[in-house]
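An overview of the molecular structure
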Amino acid sequence: MIGVTTQAADTAPPTQPTSLTATATSTTQIALSWTSSTDNVSVVGYNIFRDGATLPTNTTLVTTTTFTDTGLANGSVHIYTVQALDAANNASPRSALAAATTFDTLAPSQPSG
């Protein structure tokens, strides 16, 4: 008789990403950075959420602890969170919120009357 040991499935999520910062770098870009998460196996990447929804350009996981969101409107306000994922697709709680406003270079309209 041969003994076989099975390994339990990975059900433990990564730790919550911390220290999320959002900094406007231009009229159309906001740079994000955060402290990495840990996991009992390994963190494979991060989902980025802008204004509550996964970024449309985030088709693959971000594998670093920085990300630059581009193509934003001049003078627009955005709120971000980050979530870590492991190889078993366990998701961490989302990070605390971070917000930034892109630079506003548009002149106000001319007063009338």
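This text gives an overview of the structure that appears in the document. (Residues numbered from 1 in each chain as written. Predicted model: local features only at pLDDT ≥ 70, side-chain atom pairs only at ≥ 80, totals over all residues. Heavy atoms only, no water.)

Some details on unusual backbone geometry
One non-glycine residue with positive phi stands out, namely Asp51, at about 55°. Mapping Asp51 onto the fold places it in the loop between strand 3 (43-50) and strand 4 (53-54). Relative accessible area serves as the criterion here: at 45%, Asp51 is assigned to the partly exposed category. (Helix = DSSP H or I, 4+ residues; strand = E, 2+ residues; numbered from the N terminus. Buried < 20%, exposed > 50% of the residue type's maximum accessible area, 1.4 Å probe, protein only.)

Some words on the packing of aromatic side chains
In this structure the tally under the stated criterion is 1 aromatic pair. Seen from their ring centres, Trp34 and Tyr46 are 5.3 Å apart, and the 70° between their planes marks the pair as edge-to-face. Separated by 12 residues along the polypeptide, Trp34 in strand 2 (residues 30-35) and Tyr46 in strand 3 bring together distant segments of the chain. You'll find Trp34 and Tyr46 in the same group, each marked buried. The ring centre of Phe49 lies 3.4 Å from the NZ or CZ of Arg94, which sits over that ring. (Phe/Tyr/Trp six-rings, centres within 6.5 Å; stacked < 30°, edge-to-face > 60°. Lys NZ or Arg CZ within 6 Å of the ring centre and 35° of its normal.)

Some points on the sheet that holds strand 3
The strand order 4-3-6-7 describes an open sheet built from 4 strands, whose pairing is antiparallel. With one partner strand each, in any of the chains shown, strand 4 and strand 7 (98-101) form the two edges of the open sheet. Pairing between strand 3 and strand 4: 2 bridges, direction antiparallel. By the bridge assignment, Phe49 is partnered in strand 4 with Thr54. (Pairing = 2+ DSSP bridges.)

Focus: the pairing of strand 7
Side chains of strand 7 alternate between two faces, with Ala98 and Ala100 buried and Ala99 and Thr101 left unburied. As paired elements, strand 6 (residues 77-86) and strand 7 share 4 bridges and run antiparallel to each other. Following the sheet pairing, Val77 is matched in strand 7 by Thr101.

Examining the pattern of salt bridges
This model, assessed by the stated rule, comprises 1 salt bridge. Ionic pairing is found between Arg50 and Asp69, a salt bridge with its closest N-O pair at 2.7 Å. With Arg50 in strand 3 and Asp69 in strand 5 (residues 66-69), this residue pair connects regions lying 19 residues apart in the sequence. Looking at Asp69, the relative accessible area reads 1%, which means it is buried. (Salt bridge = Lys/Arg side-chain N within 4 Å of Asp/Glu carboxyl O.)

Looking at the pairing of strand 2
Only one face of strand 2 is covered, namely the face carrying Ile30, Leu32 and Trp34; the face carrying Ala31, Ser33 and Thr35 is uncovered. Looking at chain direction, strand 1 (residues 18-24) and strand 2 are connected through 5 bridges and run antiparallel. For Ala22, the partnering residue across the bridge sits in strand 2 and is Leu32. Pairing of strand 2 with strand 5, which is carried by 4 bridges, proceeds in the antiparallel orientation. Paired with Leu32 across the bridge in strand 5 is Phe67.

Points about the nonpolar core
Membership of the largest hydrophobic core comes to 16 residues, with the highest contact counts inside it found for Leu32, Trp34, Ile48 and Tyr80. Listing elements by their share of this core, those giving two or more residues are strand 1, strand 2, strand 3, strand 6 and strand 7. (Core = buried A, V, L, I, M, F, W, Y, C linked by side-chain atoms within 4.5 Å.)

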